[in-house]
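Okay, here's what each chain looks like letter by letter:
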Amino acid sequence: MIRLGLCCLFRQAPIKFSATTARSLLRLDRDAQLARLDRLCLENTLALLAALEEVKRLGFGAFRVLSTLFPLYTHPDVGYQLEQLPSARQIFDILQQVRIRKEYYHLRLSFHPDQFVLLSSPRPEVTASSIDELVYQAKLAALIGADVINIHAGGVYGDKQAALERLAEQIEALPQAIRNRLTLENDDQSYSVADLLPLCDKLSVPLVYDVHHHRCNPDGLSVAAATSACLQSWQRVGREAHLHISSPKYGWGEEPKPHADFIDRADFPDEWLDLSATIDVEAKAKEPAVLRLKEQLALPDWPEKGANDG
DNA sequence: GCATGTCAAGTTGTG
DNA sequence: CACAACTTGACATGC
């Protein structure tokens, strides 16, 4: 059975995640900074709990948590630890409720660190800040029971093999909490499925297969072959596979990379119809897009009847 | 209220 | 050289 996943935000439900800027925080003294961050973190944690309810209500099976749930957490000047916040106890309580709901509804939670998280960079300061960010996301993932932290391989820096070797070294040295959640996704310009497979095989890193990126950045593998490689990489670690679907905003012409509001049914691979896997729907229209795809594929509400037993 | 400029971070390709 | 693209526009400010 396929479970569809919503990514990060809601367009219809009144569920909002709030942010702030470092610049505005820097005009405040530390106590005032922490007070404002406290309010944002508390609101966002409550919004995450509401998000799970809505995801379940809509019959979806997965939710991608936005990286900025705790705004500016790893920022060099205004960063903080949850324990420093006045409402820390309440925030941890709510996070635990998120985990309990997630288990009760059989939902799957994931993270997708943004483009600044690069383990292949030759610049040590880039790698160091990336690992800081991964430590933060892994801590949060452990608290709410998210099993996936999915990143791209990053830049090429003029030598793809050398970059892949740096990536492999960094992955091997990661703390367990990150290592056992880390996944690699093929991207739309540099690293294809074929590029990533040797590393995924060698280090038992699951491959998140993005078919839109694959179509933008082909590698000679068919969709069927890439799907099969993805499934195998997850089977090896005994976990449910994870894939991404999106459609091009302007069609498959000159500019296929930007994402459309909805998924074109024709872009959904036939090879995926019988999968038991999580498929994140990367569509600007958010819930309506996931709902439309769910209807077009005639998928039942998640969890399927019987999945809740035990 | 609403329009507009700005926002922590890296890398790549395009116009 | 500026800017968009990337999993996601939203915040802060000034009128």
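Residues numbered from 1 in each chain as written. Chains lettered and ligands numbered in written order. Predicted model: local features only at pLDDT ≥ 70, side-chain atom pairs only at ≥ 80, totals over all residues. Heavy atoms only, no water.

Engineer: Teacher, can you tell me more about the protein's contact with DNA strand B here?
Structural biologist: If you check the shell around DNA strand B, you find 19 residues, and the closest are A22, R23, R123, V156 and Y157. Across the atoms of DNA strand B situated within 4 Å of the protein, the share located in sugar and phosphate is 52%. Contact distances for DNA strand B include 3.2 Å between a base nitrogen and a side-chain N or O atom of T74. Within the contact set of DNA strand B, a phosphate oxygen lies 2.8 Å away from a backbone nitrogen or oxygen of Y157. Secondary-structure elements contributing two or more residues to the surface near DNA strand B are α1 (22-25) and α4 (124-144). Among the residues making up the surface near DNA strand B, the classes are represented as eight nonpolar, seven polar and four charged. (Near = heavy atom within 4 Å. Polar contact = N/O pair within 3.5 Å; in protein donor to acceptor, adjacent residues only side chain to side chain. Helix = DSSP H or I, 4+ residues; strand = E, 2+ residues; numbered from the N terminus. Nonpolar A, V, L, I, M, F, W, Y, C, P; charged D, E, K, R; others polar.)

Engineer: For this particular structure, what's the right way to read unusual backbone geometry?
Structural biologist: What is expected of a backbone is that most residues other than glycine have negative phi and most peptide bonds are trans. Residues W302 and P303 are joined by a peptide bond in cis, for which omega reads -5 degrees. When you line up the elements, P303 lands in the segment after α10 (287-296). The phi dihedral of H106 falls on the positive side, at around 55 degrees, and the residue is not glycine. One can find H106 in the loop between α3 (88-104) and β3 (108-111). Of note, the phi angle at S204 is positive, near 55 degrees, even though the residue is not glycine. Residue placement: S204 occurs in the loop between α7 (193-203) and β6 (207-210).

Engineer: Would you explain α7 in this entry?
Structural biologist: In an α-helix, one turn spans 3.6 residues, which is why side chains three or four residues apart end up on the same side. Every buried residue of α7 is listed here: V193, L196, L197, L199, C200 and L203. For α7, the elements touching its buried residues are α5 (160-172), α6 (176-179), β5 (182-185), β6 and α9 (223-235). After α7 finishes, the residue S204 shows a positive phi value of roughly 55 degrees. (Buried < 20%, exposed > 50% of the residue type's maximum accessible area, 1.4 Å probe, protein only. Contact = heavy atoms within 4.5 Å.)

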